[in-house]
Structures are given as C-alpha cells and as structure tokens.
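Report on the structure
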Amino acid sequence: MRPIYLYIDKYGITRKVAVDLSYLFPHKQIRLPKWQFEEGLYLRYLPDLKDPSKVEKYFLTKDKILKEDKNFYYFAFPFKYEQVSEVAV
C-alpha cells in the first residue's frame, strides 16, 4: 500500500505531509496534527478514475474540520483510496 500525502505550495516549493493511514482507513477521516495545519494544504485526487489525466485539488480548510481535540484536526476523506493521485496538477 502506497502512502498518501497532503501538499502545500509556498515560495515556489511544494512540501509534502504524510497522512496517518492507520487512522484513515478505519475512520474514513484524515487526522492531522494541529501544528501541521496551514492554509493552502491540499490532497490531489482523480474525480474520474477512467481519466487519470484530470487531477484536481481538495483543499483542507478550517470550514472542512469535522472535529478537533487538543492535538488534532479531523477532516472527512470523501474519496476512495484509488482516487488519490501523486501526479502534479
């Protein structure tokens, strides 16, 4: 199973943040440590699995937070694992 990454583009550089897969699969949510959250964080996904050339960005924004606790933000993961793309947009 390949890892899933969130991306952020700043100052002409794209950085990656690994998603906690051990939490993602049983809960269908992205658990992100609060210290890793930044505006502009996104997930690359394929809206149509039949056309892998069309990659879109799903931004993790404050309004998409499902819940939070002392250390983490929790976001919905509205995709299938196969829809997540590592191809640059």
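First, a word on scope: everything that follows refers to the structure included in this document.

How each quantity is defined
Residues numbered from 1 in each chain as written. Predicted model: local features only at pLDDT ≥ 70, side-chain atom pairs only at ≥ 80, totals over all residues. Heavy atoms only, no water. Helix = DSSP H or I, 4+ residues; strand = E, 2+ residues; numbered from the N terminus. Contact = heavy atoms within 4.5 Å. Buried < 20%, exposed > 50% of the residue type's maximum accessible area, 1.4 Å probe, protein only. Phe/Tyr/Trp six-rings, centres within 6.5 Å; stacked < 30°, edge-to-face > 60°. Lys NZ or Arg CZ within 6 Å of the ring centre and 35° of its normal. Salt bridge = Lys/Arg side-chain N within 4 Å of Asp/Glu carboxyl O.

**Topic: the environment of K67**
You can see K67 is positioned in strand β6 (residues 65-68). Distance from K67 to A18, taken between C-alpha atoms, is 20 Å for residues 49 residues apart in sequence. Every residue in contact with K67, bar those within four places of it in the chain, is listed here: Y23, Q29, F72, Y73 and Y74.

**Here's the deal with unusual backbone geometry**
The phi dihedral of Y11 falls on the positive side, at around 55°, and the residue is not glycine. Y11 sits in the exposed class, given a relative accessible area of 81%. Despite not being glycine, K28 shows a phi value in the positive range, around 55°. Structurally, K28 is set in the loop between α1 (21-27) and β3 (29-33).

**Examining the packing of aromatic side chains**
Tallied over the full model, the rule gives 10 aromatic pairs. Measuring from centroid to centroid gives 4.4 Å for Y45 and F79, while their planes differ by 35°, and the two rings are tilted. Note that Y45 is positioned in strand β4 (residues 42-45) and F79 in the segment after β7 (72-76), a separation of 34 residues in sequence. Between F72 and Y74, the aromatic rings sit 6.3 Å apart at their centres with planes inclined by 50°, giving tilted as the arrangement. In textbook terms, an aromatic cluster arises when at least three aromatic residues are bridged by ring pairs, as seen for Y45, Y58, F77 and F79. When the ring centre of Y5 is taken as origin, the NZ or CZ atom of K16, which lies over that ring, is 4.1 Å away. Taking the ring centre of Y7 as reference, the NZ or CZ of R44 above it sits at 3.7 Å.

**Description of the pattern of salt bridges**
Counting across every chain of the model gives 6 salt bridges. Here D20 makes a salt bridge to R31, at a shortest N to O gap of 2.5 Å. With a gap of 11 residues between them, D20 in the loop between β2 (13-18) and α1 and R31 in strand β3 connect regions that are remote in the sequence. Residues K34 and E68 are paired through a salt bridge, measuring 2.7 Å at the closest nitrogen-oxygen approach. Taken together, the positions of K34 in the loop between β3 and β4 and E68 in strand β6 put the pair 34 residues apart, joining distant regions of the chain. Taking relative accessible area as the criterion, K34 reaches 27% and is therefore assigned partly exposed. Residues joined in a network through salt bridges with shared partners are K10, R15 and E38.

**Some details on the environment of L21**
Locating L21 in the fold gives a position in helix α1. For the pair formed by L21 and R2, sequence separation is 19 residues and the distance between their alpha carbons is 9.6 Å.

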